[in-house]
Amino acid sequence: MNIQNHSFLNAHMDWQRSDFPTNFEFGVATSAYQIEGSQFGGCGESHWDRYAAKSGNVVGNEHGGIACDHYNRWEEDLNLIQQLGVDSYRFSTSWARIMPYGKGQPNAKGLAFYDRLIDGMLARGISPNLTLYHWELPMALADKGGWCNRDTAYRFADFSELICSRYGDRVDRFATINEPWCVSWLSHFLGLQAPGKTSLEAAALSMHHILLAHGLSIQAMRSLNQRNLGIVLNFEHAQPADDSERAILATERHDAIINRWFLEAITKKQYPEPALEGLGDYLPESYSEDMDIIGQPIDWLGINYYTRQLIAHEDGCGFPATKTVLGPRPKTAMDWEIYPEGLGQLLPRIAEQVGADMPLYITENGLATNEPIIDGRSQDGLRLDFFNQHLAEVKGAIDKGLNIQGYTAWSLMDNYEWSFGYDKRFGLIHIDFETLKRTPKASYYAWQKSMQS
Ligand code: FCB
């Protein structure tokens, strides 16, 4: 397929590359478990394989065994990125693929896969932007307590050292962890992702250990003189659902858990009071001794933004006694409210916290839509609107002087959307999960046009 000459759509974005600063970086993102296929190449079992295998955990009991078969089709996928015309590709390394037992002898086939992938990016002029951990914890470590076990943080530092020594000469930017809130709170308190735990103690331990893992990983990579090290945090614009004092306090707790816990640990070496009120008793006794490691300087911060949440007080349950209320705006196929101003309001707040000089990157932003392919075409106009509105907020923030250096769309292609299986399509490229055929959507061609001008 010659994408360059493919002009079936007149769809276009409201913006073009030249509206942004000269070195502003545009990219697309994916993650290992969501696209690669965990059944290939000697990949070890991860807690996602185990979680997905338990009936009822994932919509349709789907798993990432084959996913987009990217392990085998990576060349076609890199060609699509190259033809899209973006600058960088944010991908992740599967810990279970490289260290099937979480430690010890690495899997040579796994290491060779990422060699091919990174070299393939460089050959196509795409800047490799690597996330070390996007959620597929090796099952051998999960069996020993996973992120509730302090030792996992040290094993992650070893994994980081291996990845950095192997690929550091060819990778432009490293992130340690993708979305520590999802790794911990979403998966250990809300129970909505692997390992599906629902306890405050598990949440507090994992919230601390994932940060310790981040700090130890930064230390390990710094000792190898690696530059451009950061972390990717997810933020939500949180607002009280009503004017009551209880809703305002509930929002403070919610905001402290998702928007402040990880950011303040890294930037201030402390946890926010409204979250400590409920979690403090469950933290490891000497947690404060880890804060210097956690607060290692970073070189950039990644920001993932999707939606806002309206928060109300929830009666009759313990901490945090919050519940989310659906807002009035249009929703995506995830039922996430589309609220671009939330990004515009979060950015200055985050910048103030990390300091004006810290380079900020939007590392994920996008939406799920479920439009079908008709006559070989997918008209995902909603996706265009979404990108237009959010990029307008980013542009506004840059115009106000914020140091935002890049924007990465989630996602390159439809993929395994965790507990939602293959039902929620976030891609610029449609995947037929029966045939694994890739079909660029209208949004892909619109991005392509904007990248050329
Ligand atoms: C983020 C995840 C990413 C994807 C998007 C929709 O929280 O980082 O893997 O699931 O949401």
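Residues numbered from 1 in each chain as written. Predicted model: local features only at pLDDT ≥ 70, side-chain atom pairs only at ≥ 80, totals over all residues. Heavy atoms only, no water.

**Section: the environment of serine 184**
Part 1 of the argument: One can find serine 184 in helix H8 (residues 180–189).
Part 2 of the argument: A relative accessible area of 0% means that serine 184 is categorised as buried.
Part 3 of the argument: Distance in space between the C-alpha atoms of serine 184 and aspartate 242 is 28 Å, their sequence separation being 58 residues. (Helix = DSSP H or I, 4+ residues; strand = E, 2+ residues; numbered from the N terminus. Buried < 20%, exposed > 50% of the residue type's maximum accessible area, 1.4 Å probe, protein only.)

**Here's the deal with unusual backbone geometry**
Leaving glycine aside, a negative phi is the common case for residues, and trans is the common case for peptide bonds.
Part 1 of the argument: Here alanine 194 and proline 195 are connected by a cis peptide whose omega angle stands at 10 degrees.
Part 2 of the argument: Positionally, proline 195 belongs in the loop between H8 and helix H9 (200–222).
Part 3 of the argument: With a phi close to 95 degrees, tryptophan 135 is a non-glycine residue in the positive phi region.
Part 4 of the argument: Looking at where tryptophan 135 falls in the secondary structure, it is placed in the loop between strand S3 (127–133) and helix H6 (139–142).
Part 5 of the argument: The backbone phi angle of glutamate 179 is positive, close to 50 degrees, even though this residue is not glycine.
Part 6 of the argument: Within the element layout of this structure, glutamate 179 appears in the loop between strand S4 (173–178) and H8.
Part 7 of the argument: Classification of glutamate 179 as buried rests on a relative accessible area of 6%.

**Overview of the environment of methionine 139**
Part 1 of the argument: Along the chain, the position of methionine 139 falls in helix H6.
Part 2 of the argument: Between the alpha carbons of methionine 139 and aspartate 380 there is a distance of 38 Å; along the sequence they are 241 residues apart.
Part 3 of the argument: Leaving out residues up to four positions away in the same chain, methionine 139 has contacts with Glu45, Ser46, His47 and Arg50. (Contact = heavy atoms within 4.5 Å.)

**Some words on the nonpolar core**
Part 1 of the argument: In terms of nonpolar packing, the biggest core is built from 132 residues, with Trp261, Leu301, Ile404 and Trp447 touching the most fellow members.
Part 2 of the argument: It is H9 that provides the largest number of residues to this core, a total of 11 residues.
Part 3 of the argument: In this structure, Ala29, Met334, Ala368 and Trp410 belong to the second largest nonpolar core, which totals 6 residues. (Core = buried A, V, L, I, M, F, W, Y, C linked by side-chain atoms within 4.5 Å.)

**Some details on the site of the ligand**
Part 1 of the argument: Every residue near the ligand is listed here: Gln34, His134, Trp135, Asn178, Glu179, Tyr306, Glu364, Trp410, Glu417, Trp418 and Phe426.
Part 2 of the argument: Between the ligand and glutamate 417 there is a distance of 2.8 Å, counted from an oxygen atom to a side-chain nitrogen or oxygen.
Part 3 of the argument: Burial of the ligand by the surrounding chains reaches 95%, relative to a free accessible area of 290 Å².
Part 4 of the argument: Residue composition of the shell around the ligand, grouped by class: 5 nonpolar, 3 polar and 3 charged. (Near = heavy atom within 4 Å. Polar contact = N/O pair within 3.5 Å; in protein donor to acceptor, adjacent residues only side chain to side chain. Areas by Shrake-Rupley, 256 points an atom, 1.4 Å probe, with all protein chains shown as cover. Nonpolar A, V, L, I, M, F, W, Y, C, P; charged D, E, K, R; others polar.)

**Topic: the pairing of strand S8 (residues 360–364)**
For a regular strand, side-chain orientation follows a simple rule: the groups alternate between the two sheet faces.
Part 1 of the argument: For S8, the tally of buried residues reaches 5 of 5 residues, placing the bulk of the element in the interior.
Part 2 of the argument: Between the parallel pair S8 and strand S9 (residues 404–410), the chain is carried across by helix H14 (residues 381–399), and the sense of this crossover is right-handed. (Right-handed = clockwise from strand over helix to strand, strands pointing away.)

**What about the pattern of salt bridges?**
Part 1 of the argument: Counting across every chain of the model gives 29 salt bridges.
Part 2 of the argument: Salt bridges here are not isolated pairs; linked through shared partners, they connect Glu371, Asp380, Arg383, Asp414, Arg425 and Lys441. (Salt bridge = Lys/Arg side-chain N within 4 Å of Asp/Glu carboxyl O.)

**Details of the side chain of asparagine 415**
Part 1 of the argument: Relative to the elements of secondary structure, asparagine 415 occurs in the loop between S9 and strand S10 (429–431).
Part 2 of the argument: Here glutamine 34 takes part through its side chain, which lies 3.4 Å from a polar atom of the side chain of asparagine 415.
Part 3 of the argument: At 3.1 Å, the side chain of asparagine 415 forms a polar contact with the side chain of serine 411.

**A closer look at helix H7 (residues 150–167)**
Part 1 of the argument: The end-to-end C-alpha distance of H7, which contains 18 residues, comes to 27 Å, matching closely the 26 Å that a straight helix rising 1.5 Å per residue would cover.
Part 2 of the argument: Among the residues making up H7, those that are buried are Thr152, Ala153, Arg155, Phe156, Ala157, Phe159, Ser160, Ile163, Cys164 and Tyr167.
Part 3 of the argument: Contacts from the buried residues of H7 go to helix H4 (95–98), helix H5 (108–123), S3, H6, S4 and H9. (Expected span 1.5 Å × (residues − 1).)

**Describing the packing of aromatic side chains**
Part 1 of the argument: In the structure shown here, the tally under the stated rule is 42 aromatic pairs.
Part 2 of the argument: An angle of 25 degrees between the planes, with centres 5.8 Å apart, marks the rings of tyrosine 89 and phenylalanine 91 as stacked. Taken as a pair, tyrosine 89 and phenylalanine 91 share a single burial class, namely buried.
Part 3 of the argument: Each ring, one from tyrosine 114 and one from tyrosine 167, has its centre 6.4 Å from the other, and the planes form 80 degrees; the classification is edge-to-face. With tyrosine 114 in helix H5 and tyrosine 167 in helix H7, the pair connects residues that are 53 residues apart, well separated along the chain.
Part 4 of the argument: Of the residues examined, tyrosine 114 reaches a relative accessible area of 0% and is grouped as buried. (Phe/Tyr/Trp six-rings, centres within 6.5 Å; stacked < 30°, edge-to-face > 60°.)

Note that all results are geometric; they support no functional claim without further evidence.
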